Amino acid sequence: MTKSGHKRLAFYQLLAGEEWPAELREEFGRHFSRFGVPSFAVDSEADQRFRASVERRRIPALRDTILACTGEHVYEHPFHYLSVRSDRSYDKGDFLDLSAACPGDSRVRCRIGARQTGKLVMDAGKSKDLDLIEESSSPRPKVFIVSRRLRDSLRQADFRGFRLVPTLRRGATYSDQQRELSYVDDRLVEEAPFFQLLVTARAPGAPWVGEVVRTFYQCSRCGTLNGAFFESGPRFKPEDLDQDADIQTLSRYRTSNQGQVEIMGEVVVISARFLRFLKDNKVRGLARYSSDPPAKHGIVDLLD
Ligand SMILES: [Zn+2]
């Protein structure tokens, strides 16, 4: 990246689960992250030397780049990946309807097509003292939970792409109607220990990831990929995203060798304005985007 202050890192991932050769680890030691992913300032002398070594030794590795800006420069990028801490996994009720979901095969229960129809049942004593958390049992649809404090400040702002739904209290009695996701009344709002931030905006397009290089698991029924190496991280065209949404989800990528592919989880993208709001409000629960390579913020990469 040439613009000053906008740092870009090059990083390398091994395609087979092997180790990097000891000589490389020794020579480039300080460039290796905790779990052994080497990264460099893009096209720096060290990056070029490392790249040449990988090619010379014919090591099966992928090189990709990632934006790694800090400070105010972060907000100059219009979109960001949302990464938040996970809630401890405990039973939050039958909030998903799996009747139309893909049953998967003998290896994985796929759940593509699961729909949320019920409210979450929360136990305030079991959930962490955070403002924004992700329910770990549901990678898709992604389920975010917000504190009453954050819900109150969100109501003062005018963000687009979600609605706030009260959660139910464990142990309290509710009618079937009150348990329905779409039904809200005053008592529910008053008593809710937490609120669900329900993302309603969907990205209209699918970002480009180049070639599907290696697949770890693909549902034999519906073709959904669960874990794969792509030639590059997602690169977006403006029309791939809803430009007016402050939060939106996507689960499709465009590839060069398999057309459009569906991925098992959901990627959540937020606007710079929303990220700034979360930071300025000192929202507890935001997580570091990546440790390998080290990147505090998940900046959405746009195609030039
Ligand atoms: Zn499936």
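Let us now look at the overall build of the protein chain. For the protein chain, the helix and strand inventory stands at six helices and 23 strands. Relative to its length of 304 residues, the protein chain is compact, with a C-alpha radius of gyration of 21 Å against a globular reference of 19 Å. Overall, the C-alpha framework of the protein chain stretches about 70 × 45 × 35 Å when taken along its three principal axes. Evaluated residue by residue, the protein chain yields a buried proportion of 32% over its 304 residues.

The next subject is the environment of leucine 241. Tracing the sequence through the fold places leucine 241 in the loop between β17 (235-236) and β18 (247-255). On a C-alpha basis, the gap between leucine 241 and aspartate 129 in space is 32 Å, while along the polypeptide they are 112 residues apart.

Turning next to the domain arrangement of the protein chain. Taken as a whole, the protein chain is organised into domain 1 (8-68) and domain 2 (86-199). Inter-centroid distance (C-alpha atoms) of domain 1 to domain 2 is 40 Å.

Quick look at helix α2 (residues 45-56) now. Between the first and last C-alpha of α2 there are 16 Å, a value that for 12 residues agrees with the 16 Å anticipated at 1.5 Å per step. Buried within α2 we find Asp47, Phe50 and Val54. Relative to the axis of α2, the buried residues are bounded by an arc of 70 degrees and lie together on one face. Within α2, the exposed residues directed more than 90 degrees away from the buried face are Glu45, Gln48, Ala52, Glu55 and Arg56.

Before going further, it helps to spend a moment on the sheet that holds strand β9 (residues 132-135). Strand order in the open sheet formed by five strands is β5-β9-β10-β13-β11, and the pairing between neighbours is mixed. Both outer strands of the open sheet, β5 (86-87) and β11 (162-166), are each paired with one neighbouring strand and no more. Where β11 and strand β13 (residues 195-199) come together, five bridges link them in antiparallel fashion. Residue pairing in the sheet places phenylalanine 162 in a bridge with valine 199 of β13.

Looking now at the sheet that holds strand β1 (residues 8-14). Read across the open sheet, the three strands follow the order β2-β1-β3; overall the sheet is antiparallel. Both edges of this open sheet fall to β2 (39-41) and β3 (61-67), since each of them pairs with a single strand only. This sheet shows a mean twist of 25 degrees between the axes of neighbouring strands, independent of strand direction. Packing of α2 onto the sheet brings it into contact with β1, β2 and β3, and relative to β2 it is tilted by some 140 degrees.

A few words on the pairing of strand β19 (residues 260-271). Both strand β4 (residues 79-81) and β19 contribute to a ladder of three bridges, which runs antiparallel. When the sheet's bridge partners are listed, phenylalanine 79 is paired in β19 with serine 271. Inspection of the sheet shows β18 paired to β19 by seven bridges, in the antiparallel sense. For glutamine 248, the partnering residue across the bridge sits in β19 and is valine 269. Remark: four residues form the turn of the hairpin made by β18 and β19, two consecutive strands paired antiparallel; glycine 259 in that turn has positive phi of roughly 65 degrees.

Looking along the chain, the bond that leaves arginine 140 and enters proline 141 is cis, with omega of -5 degrees. Counting through the fold element by element, proline 141 comes out in the loop between β9 and β10 (144-146). Note that the residue after aspartate 292, namely proline 293, is joined by a cis bond; omega there is 0 degrees. When you line up the elements, proline 293 lands in the loop between β20 (290-291) and β21 (294-295). Positive phi outside glycine occurs at aspartate 43, with the angle close to 60 degrees. Examined against the element boundaries, aspartate 43 turns out to sit in the loop between β2 and α2.

With that settled, consider the nonpolar core. Nonpolar side chains in soluble globular proteins tend to be buried together. In this structure, Leu120, Phe144, Ile145, Val146, Ile247, Val269 and Ile270 are the most contacted members of the largest nonpolar core, which totals 58 residues. For this core, the leading source of residues is β19, giving six residues. Viewed by domain, this core spans two of them, domain 1 (8-68) and domain 2 (86-199), each represented by three or more residues. When neighbours within four sequence positions are excluded, isoleucine 270 is seen to be in contact with His80, Leu82, Asp246, Ile247 and Leu275.

Right, let's talk about the environment of phenylalanine 159 for a bit. Looking at the secondary structure, you find phenylalanine 159 in the loop between α3 (148-156) and β11. When the C-alpha positions of phenylalanine 159 and aspartate 244 are compared, they lie 9.2 Å apart, and in sequence the two are 85 residues distant. Excluding residues within four positions of it along the chain, phenylalanine 159 makes contact with Leu154, Asp246 and Phe274.

Rules of the game
Residues numbered from 1 in each chain as written. Predicted model: local features only at pLDDT ≥ 70, side-chain atom pairs only at ≥ 80, totals over all residues. Helix = DSSP H or I, 4+ residues; strand = E, 2+ residues; numbered from the N terminus. Rg over C-alpha atoms; globule rule 2.2 N^0.38 Å. Buried ≥ 20, exposed ≤ 12 C-beta atoms within 10 Å, placed from the backbone. Domains from an automatic or database assignment. Expected span 1.5 Å × (residues − 1). Arc of directions from axis to C-beta. Pairing = 2+ DSSP bridges. Axes fitted to C-alpha atoms, helices over the stretch in contact; angles between N-to-C directions. Contact = placed C-beta atoms within 7 Å. Core = buried A, V, L, I, M, F, W, Y, C linked by C-beta atoms within 7 Å.

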